[in-house]
Amino acid sequence: MTGGNMGRLLFVDLGTGLIEERPSDPQDVELYLGGRGLAARLLYDLTPAGLDPFDERMPLIFSAGPLTGTNAPQSNRFVVTTKSPLTGAIGDSHCGGSFATQLKRAGFDAVVIRGRSPRPVFLEITDEGCALRDASHLWGQTTSETQRALPAGFGMAVIGPAGENRVRYAAIVSQRRVAGRCGTGAVMGSKNLKAVIAKGKKSIPIADPEGFKRLQQEITQMLLSHPMTGGVLKDLGTANLVMTTAGRNIIPTRNFRAGQDLNTPRLSGEKMRDELLLRPDGCVSCPIRCGRHLKYDGAEHKGPEFETIGLLGNNLGLFDLKTVAELGERCDDLGLDTISCGNTLGFAAELCERGMADWGLRFGDAEGLGAAIERIAAREGFGDELAEGTRRLAAKFGGQDFAIQVKGLELPAYDPRGCVGQGLEYATSNRGGCHIRGSTMYLEATGPVSIDPHSRRAKPPLVVLQQNTNAAVSSLCMCYFSAYAMIPPAIFRMNPNGFLYRSLMGILDRAGPVLKRVVTGGNPLQIVWFEKFLSTVTGKRFSMGDLNRIGERVFCLERLYNLREGLSGADDALPRRLLQESLAPGTGGVPLDPMLREYYAIRGWDERGVPTEKTVRRLGIRA
Amino acid sequence: MAVFVVPPALEAELGQDVVRSDAPDVASLLAEVRLRLSVERQALLERGALLVNGRSIHRLRGLDTPLAPEDQVWLVFPAAGG
């Protein structure tokens, strides 16, 4: 057994009730690590081309990573992977909480669930055995009701009514954390699977326990003392982004028709902290604790994440934090992705404004928009239309130019016209419009450095580097937030309006050739903690270059899956609004085409966006 | 009039969430704001990035960046999340 991995996968057939353990393929583990990478490999291998996401043969894969359960900081995440019913592309959704740790302690690196149960069930996984249990009494319950009704002491992943009703952007909820994106909850619902719960006591093998312990202490201290992970994120949660994105003119406003509103500051992380915060909250083994518990009107509430504020708040013209928190909580309870839901509502409100639909939805109308969320989850009335997502709505009612999605996945809360590299990242993301596949906006617009956010210069190699790194980190199942600590604290102390800072940014603006060398060349050094943790846990030395190569392999495999399922380079696109409409004087749309050509070339893909045989061979991908 | 959107950290001292000003450029606007802040809070003006209509002043004309009516000036700090 390789350190970090349990060496076992659980296969469950909900149709026959057959549950069996199988050893994991050591070569796949070496090439893809776990989490996102291993699940992509399994999905590719286990499905015939063209399988409908709701076909009972479609696998739903829950996977953990080699560091999960070791108590390495921010390592206790799981990934849910399937073919997305929203996009038709590979869909994976990531989540914190305790489920991943419990799954590993029960003895499994991943669970592959296929088939459709004849009646609602939940899957119970322990180190003493696994079983399917009747969940008829839970069907129709919200995610919080379901979690309260399930046996205590387990890590849980559950769906709400939206998943049961196959809303195409239904989420899976674990405690108060959400695997929100890509509609994995709808696939779970299509299988009549209400929940997966796990509990165990097995220990996770670590090759170098002493080295691991030293590294754990060192990195925990580093994260806690870093101005971003130990300062801003800890103090304000992800809502710290509200003021900065508004200032940068990139927070979605009225379906991406503007980049901020003078009311936006009412939704800031500072307001949330000063007026509503009860205490911060975090996942197992995370020193940052970016989650928020609020207290108001005599009750405790989950504080909204930045994306929820951006899409369900600012984008819909709702500027009251309590209102946004309540809409976010309701989405969680119904099992809806707040990003896709808020984006879809914004699109629907613009359709109504233009007279292209008559659902009575209006920006700023909290009551009407809240009622629409209920209808979406229940697929009731016009909610049945909105449950299909923006791309299908646009195909039926028009408005493709302002349906803000990529590959069918609704965009999150960073308008790429003010961070054009993020636009390239959105367009090329294998799961569609996603911000966390590389978080390029951090290096362009929101973080302490700002590589010219309105210029395409240096962006293609930067995006490739970010995407590869993210693919590796999410195959480790580590939280990408720790990567924000990779920028030295000294940079945070610079005056961003001063000469020194301006000079440094001038150098970074011209860093394209260097970045390209970093992406295409190997790097034998161990520089950051990701590869160091992996080395101490597995007992095999990994360099930063090794990890980036694994990330590139994962990204390329996902691309090959998408191509096999009928997607093409034409899907690496942005809606016309983001390409052609300007947000402010002196700025324009995203210059996607020239960036895309360079991006393909750096990746070793042809001009149609297809990985060449040479690239596939170089990466050792079995296609 | 240009608008300076007041960061939450300065709101208490300025007593408002936006400052409207006829200042001809960013430097003049900052001077107006600075006058109304304690020394401690003034330091924040050096730590945040100044943006005019979403663009960093260091990519415009620095503190000499001219301001037109309706221009918005924001002072923002490094942020991250997802």
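Scroll up for the structure.
In this text, all values refer to a predicted model and were calculated from it rather than measured experimentally.

K.L.:
Which residues make up the pairing of strand 5 (residues 72-76) of chain B, and what are the values?
P.N.:
Residue and element names in this part refer to chain B. With five of five residues buried, strand 5 is to be regarded as a mostly interior element. Across the two faces of strand 5 the burial is the same, with Q72, W74 and V76 and V73 and L75 all buried. Bridge count between strand 1 (residues 2-5) and strand 5: three bridges; the pairing is parallel. Each residue of the ladder has a partner; that of V5, found in strand 5, is W74. In this sheet, strand 5 lies alongside strand 3 (residues 49-52) in antiparallel orientation, the contact comprising four bridges. When the sheet's bridge partners are listed, A49 is paired in strand 5 with V76.

K.L.:
Can you explain the pattern of salt bridges? Please cite residues and give values.
P.N.:
Side-chain pairs of opposite charge can arise where the charged atoms are in close proximity. All names here are of chain A. With the rule as written, the count across this model stands at 51 salt bridges over all chains. Linking E385 and K396 is a salt bridge whose minimum nitrogen-to-oxygen distance equals 2.8 Å. One end of the pair, E385, is in helix 15 (residues 383-386); the other, K396, is in helix 16 (residues 390-397), and 11 residues separate them in sequence. Its relative accessible area of 22% is what places E385 among the partly exposed residues. Each of R257, E350, E353, R354, R577 and E581 takes part in one network of salt bridges that share partners.

K.L.:
Describe helix 19 (residues 459-476) of chain A, and please don't skip the residues or the numbers.
P.N.:
Residues and elements named next belong to chain A. A rise of 1.5 Å per residue sets the reference length of helix 19, with its 18 residues, at 26 Å; its end C-alpha atoms lie 25 Å apart and thus fit the reference within 8%. Taken across its 18 residues, helix 19 has 18 buried, putting it largely inside the fold. Looking one or two residues beyond helix 19, the residue adopting positive phi is C477, at roughly 65 degrees.

Basis of the calculations
- Residues numbered from 1 in each chain as written.
- Chains lettered and ligands numbered in written order.
- Predicted model: local features only at pLDDT ≥ 70, side-chain atom pairs only at ≥ 80, totals over all residues.
- Heavy atoms only, no water.
- Buried < 20%, exposed > 50% of the residue type's maximum accessible area, 1.4 Å probe, protein only.
- Helix = DSSP H or I, 4+ residues; strand = E, 2+ residues; numbered from the N terminus.
- Pairing = 2+ DSSP bridges.
- Salt bridge = Lys/Arg side-chain N within 4 Å of Asp/Glu carboxyl O.
- Expected span 1.5 Å × (residues − 1).

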